[in-house]
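Each chain, letter by letter, is given below.
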Amino acid sequence: KTFDRLLEDDDVYDLVRFAASFAGLSCLVLTTFLGLNNSDPLAVGAPLRAARQTLMTLLKALSAPRLWLSALLLATWGYSQWSSLAKLVKKSAVVEVVRLSPCLWRSIAAVGSALGQP
């Protein structure tokens, strides 16, 4: 009974919807980033070997200095432009785009998966 009341709350519903959208999009991005969409999981032979191969691919991708440099550059830019970004976020058009962003990201993911390399 308490669980039903909790699910009827709009804030909880929005939070669960955001978490589900974020998890789904994160899985799509990681699958594409690691190149797992082109691999056959049965070709490796054993589940632990497949998990090890995936982990090694992830560690190899995360050890790329270009990725960390890009993230550091983006964080530095965001920190330096903090006041301008705060003014931008307060505008109603930006709030509307953020509110509609799950649909936008799902559309981008669908187009990317449809046009991606086989």
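See the structure above.
The notes below deal with the structure included here. As the structure is a computational prediction, the values presented were derived from the model and not from experiment.

It is worth spelling out the overall build of the protein at this point. When you go through the protein residue by residue, the secondary structure sums to 7 helices and 0 strands. Helices and strands appear in the protein in the N-to-C order α-α-α-α-α-α-α. Put simply, the protein has 118 residues, and 8% of those count as buried. Element-wise, carbon and sulfur atoms account for 70% of the exposed surface of the protein, whose accessible area totals about 10400 Å².

Here the focus is a nonpolar patch on the surface. Taken together, the side chains of Val 29, Leu 30, Phe 33, Leu 62, Leu 67 and Trp 68 present a nonpolar region at the surface, about 570 Å² in accessible area. At the level of secondary structure, the elements contributing two or more residues to the nonpolar patch comprise helix H2 (10-34) and helix H5 (65-80). A per-element tally of the nonpolar patch places H2 first, with 3 residues. Here Phe 33 lies in helix H2.

Attention now goes to the environment of Leu 58. Inspection of the secondary structure assignment puts Leu 58 in helix H4 (residues 47-62). Between the alpha carbons of Leu 58 and Phe 33 there is a distance of 8.7 Å; along the sequence they are 25 residues apart.

The end-to-end C-alpha distance of H2 is 36 Å, a good match for the 36 Å that 25 residues give at a rise of 1.5 Å each. The set of residues buried in H2 consists of Ser 21, Leu 25 and Leu 34. Looking one or two residues past H2, Gly 35 carries a phi angle of roughly 75 degrees, positive in sign.

Thresholds, definitions, all that
- Residues numbered from 1 in each chain as written.
- Predicted model: local features only at pLDDT ≥ 70, side-chain atom pairs only at ≥ 80, totals over all residues.
- Heavy atoms only, no water.
- Helix = DSSP H or I, 4+ residues; strand = E, 2+ residues; numbered from the N terminus.
- Buried < 20%, exposed > 50% of the residue type's maximum accessible area, 1.4 Å probe, protein only.
- Areas by Shrake-Rupley, 256 points an atom, 1.4 Å probe, with all protein chains shown as cover.
- Patch = residues over 30% accessible without salt bridge, like charges linked within 9 Å, V, L, I, M, F, W, Y side chains within 5 Å.
- Salt bridge = Lys/Arg side-chain N within 4 Å of Asp/Glu carboxyl O.
- Expected span 1.5 Å × (residues − 1).

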